[in-house]
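Listed here are the chains, written in short residue letters.
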Amino acid sequence: MKKLLITFFLFTAMGVYAQQKKTQPMNKNFVLVIHGGAGTILKSQMTPEKEKAYTEALDKALQAGYDILKNGGSALDAVEAAVKVMEDSPLFNAGKGAVFTHEGVNELDAAIMNGKTLQAGSVAGVTTIKNPISAARAVMEKSPHVMLTGKGAEEFAKEQGLTIVDPSYFYTEDRWRSLEKALKQDSLKEQQKKSTLNQPENRDEKYGTVGAVALDINGNLAAATSTGGMTNKRWGRVGDAPIIGAGTYANNATCAVSGTGWGEFFIRLVMGKSISDMMEYKHSSLKKAAEEMVMKKLPALGGDGGVIAVDKNGNIAMPFCTKGMYRGYIKKDGTKVIKIYKE
C-alpha cells in the first residue's frame, strides 16, 4: 500500500511538473525594434526641435509595444501597437503623415505577418482607413485572403468595425509642399528632356515607411510595416511594404524583417524572405544576412534603404545604406536606444 501511495504521488508530481513546463513560456527574452523611414537624414539639416519631436515619437512607439511585451503579450499585438503610434503621427510617411500621389491623394499600404503560423495580411491603395496596419491584421485574421486593395479593402475594414475617416484627415501641409516640389521637378525634367539635358531624379521622394518587428516571451516573431509610398507616385503604384516577403516578413524559425527604402528594389530582391533564407539555408547570422542584402546587394542593383530585423534568439540588426534612418529598440530590461543618423 505504501509503495502504491509513493508511486501515485510520484506520477502526480511528474504530471504537475509536465503541465507547468508545458504552460511556461518557451523564451523569457523579448525585444521590439522599430523604424520610421530611411533617406537623406542629416543632423546639419535637422533643427533641435524637429529632432526632439522625432525622438519623442519613436520613444512613444517603443513604449507602446514594450508595455504589451512586458506583460506577456504577443509580438503581433506589440508590432501593431507600435506602428499605430507612428501612423497617428504626422512626422512619418504612414497614416496621418502619408505623402501625396501625383493626383493629390493619400494612398496607404500596410502589412503584418505572424512568424508562428506564417499567416499574413496586407492592404494597398487605401484612402479612408485611419490605421491601415489594423486593416492588414483584420485581413490576416478575419478573411481567407492575404492582400486586399483599394475600395474593396476599405469596405472590408468598415465591415470589421475599423475607424474610417474622410480622406482629408491625412492632409498635412509639409506633405503637400513636397508634392508641389515634386510636380515642379517633373515639369523641369520635361523641359530638359526637350533640350536633351538629363536631370537626376530626387531619390528621397521614394522613401518613407514605418515598421516594427518583435520577439515575445513565447518565442514568437512578428513584423509589421505601413507606408504612404512615394511622393508623386502614379497609376496606383504599390511598393514593397505590403508585399509579403519583400518589405515585410516573419518566420519563427529565422527572423522578422521590416524594410524601408526604394520599394521597387526591395520587391525585386524579395528582401525580407532573402534574409530569412540566408539564415535558414546558408546558416548565416542575422547580422551577416541583413548586411549582405542591404549593404551589398541593394546598392549593387541601384537601390537603397534599410531594414530592421530580430531573430528567434532576440538578436537585432538595423543596417541601412542611406544617410540616416529613424530607428530604435527596447529590450526586456527596459533598455531603450533611439537613433537617427549614420554613425
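No experiment lies behind these values; they were computed from the predicted model shown.

### So, the overall build of the protein chain
At step 1: Check the secondary structure of the protein chain and you find nine helices and 12 strands.
At step 2: The long-range fraction of contacts in the protein chain, counting pairs at least 24 apart against all pairs at least 6 apart in sequence, stands at 69%.
At step 3: Entry remark: accessible area of the protein chain is about 16,200 Å², with carbon and sulfur atoms responsible for 55%.

### Details of the pattern of salt bridges
At step 1: Applying the stated criterion across every chain yields a total of 15 salt bridges.
At step 2: Taking the shortest distance from any N to any O, the salt bridge between Asp-67 and Lys-70 comes out at 3.7 Å. Pair noted here: Asp-67 and Lys-70 are both in helix 2 (residues 48-70), with a separation of three residues, about one helical turn.
At step 3: Judged by relative accessible area, Asp-67 falls into the partly exposed class, the value being 31%.
At step 4: Judged by relative accessible area, Lys-70 falls into the partly exposed class, the value being 45%.
At step 5: Here the salt bridges share partners, and the residues they tie into one network are Asp-77, Glu-80, Arg-137 and Glu-141.

### Considering the packing of aromatic side chains
At step 1: The final tally for this structure, using the stated rule, is nine aromatic pairs.
At step 2: Centre to centre, the rings of Phe-100 and Tyr-171 are 5.7 Å apart; their planes meet at 65°, and the pair counts as edge-to-face. Pair noted here: Phe-100 is in the loop between helix 3 (75-87) and strand 2 (108-114) and Tyr-171 is in the loop between helix 5 (150-159) and helix 6 (173-194), with a separation of 71 residues, a long-range link.
At step 3: Summarising the aromatic geometry, the rings of Tyr-171 and Trp-176 are spaced 6.0 Å apart at their centres and angled 45° between planes, so their arrangement reads as tilted.
At step 4: When the ring centre of Tyr-169 is taken as origin, the NZ or CZ atom of Lys-96, which lies over that ring, is 4.8 Å away.

### Considering the sheet that holds strand 1 (residues 31-39)
Within a sheet, adjacent strands bond to each other through the backbone by hydrogen bonds, running parallel or antiparallel.
At step 1: Strand order in this open sheet of eight strands is 4-3-2-6-5-1-11-12, and the pairing throughout is mixed. The open sheet has two edge strands, strand 4 (147-149) and strand 12 (336-341), and neither has a second partner. Along the sheet, successive strands turn relative to each other by an average axial angle of 5°, direction set aside.
At step 2: Those strands touched by helix 2 are strand 1, strand 5 (209-215), strand 11 (324-331) and strand 12, and its axis lies near 145° from that of strand 12.

### Describing the pairing of strand 8 (residues 255-261)
At step 1: Along strand 8, seven of the seven residues are buried, which leaves the element largely enclosed by surrounding structure.
At step 2: The alternating pattern of strand 8 places Cys-255, Val-257, Gly-259 and Gly-261 on one face and Ala-256, Ser-258 and Thr-260 on the opposite face, and all of these are buried.
At step 3: Bridge count between strand 7 (residues 248-250) and strand 8: three bridges; the pairing is antiparallel. Of the residues in strand 8, the one forming a bridge with Tyr-249 is Val-257.
At step 4: Linking strand 7 to strand 8, which pair antiparallel, is a turn of four residues.
At step 5: The pairing of strand 8 with strand 9 (residues 305-311) spans seven bridges and is classified as antiparallel. Residue pairing for strand 9: Ser-258 is matched across the bridge by Ile-308.

### Quick look at the packing of helix 8 (residues 271-281) against helix 9 (residues 286-301)
Describing two packed helices takes the angle between their axes plus the distance from one axis to the other.
At step 1: Where helix 8 contacts helix 9, the axes come no closer than 9 Å and their chain directions differ by 135°. Considering the angle they form, helix 8 stands oblique to helix 9. Note that helix 8 runs across helix 9; the crossing there is right-handed. The residues of helix 9 that touch helix 8, namely those facing Met-271, Ser-274, Ile-275, Met-278 and Met-279, are Leu-286, Ala-289, Ala-290, Glu-292, Met-293, Val-294 and Leu-298.

Rules behind the numbers
- Sequence order as written defines residue numbering, which begins from 1 separately in each chain.
- Per-residue local features of the predicted model are confined to residues with pLDDT of at least 70, and side-chain atom pairs are confined, for both listing and counting, to 80 or more; whole-chain, interface and lining totals are unaffected and use all residues.
- Side-chain numbers come from the whole structure's heavy atoms, not from hydrogens or water.
- Secondary structure elements follow DSSP: runs of H or I no shorter than four residues count as helices, runs of E no shorter than two count as strands, and numbering proceeds from the N terminus.
- Throughout, a contact is declared for two residues whenever any of their heavy atoms are within 4.5 Å.
- For the area figures, the Shrake-Rupley method with a 1.4 Å probe applies, and any residue is considered shielded solely by the protein chains shown.
- Basic side-chain nitrogens of Lys or Arg form a salt bridge, by our definition, when they fall within 4 Å of a carboxyl oxygen of Asp or Glu.
- Relative accessibility decides the category of a residue: with a 1.4 Å probe and only protein chains considered, values under 20% of the type maximum give buried, values over 50% give exposed, and everything between is partly exposed.
- Only Phe, Tyr and Trp rings are paired, with Trp represented by its six-membered ring, and only when their centres lie within 6.5 Å; those with planes under 30 degrees apart are stacked, over 60 edge-to-face, the remainder tilted.
- Here, a charge over a ring means that NZ of Lys or CZ of Arg falls within 6 Å of the ring centre while also lying within 35 degrees of the ring normal.
- Being paired, for any two strands, means DSSP has found at least two bridges between them.
- For every element, the axis is a line fit to its C-alpha atoms; helices are fit only across the contacting stretch, and the angle between N-to-C directions ranges from 0 to 180 degrees.
- Geometric relationships in this document are graded by angle, where less than 35 degrees denotes roughly parallel, more than 145 denotes roughly antiparallel, 65 to 115 denotes roughly perpendicular, and other angles denote oblique.
- Crossing handedness is read from the near helix: turned anticlockwise from the far helix by less than a right angle, it gives a left-handed crossing, and turned clockwise, a right-handed one.

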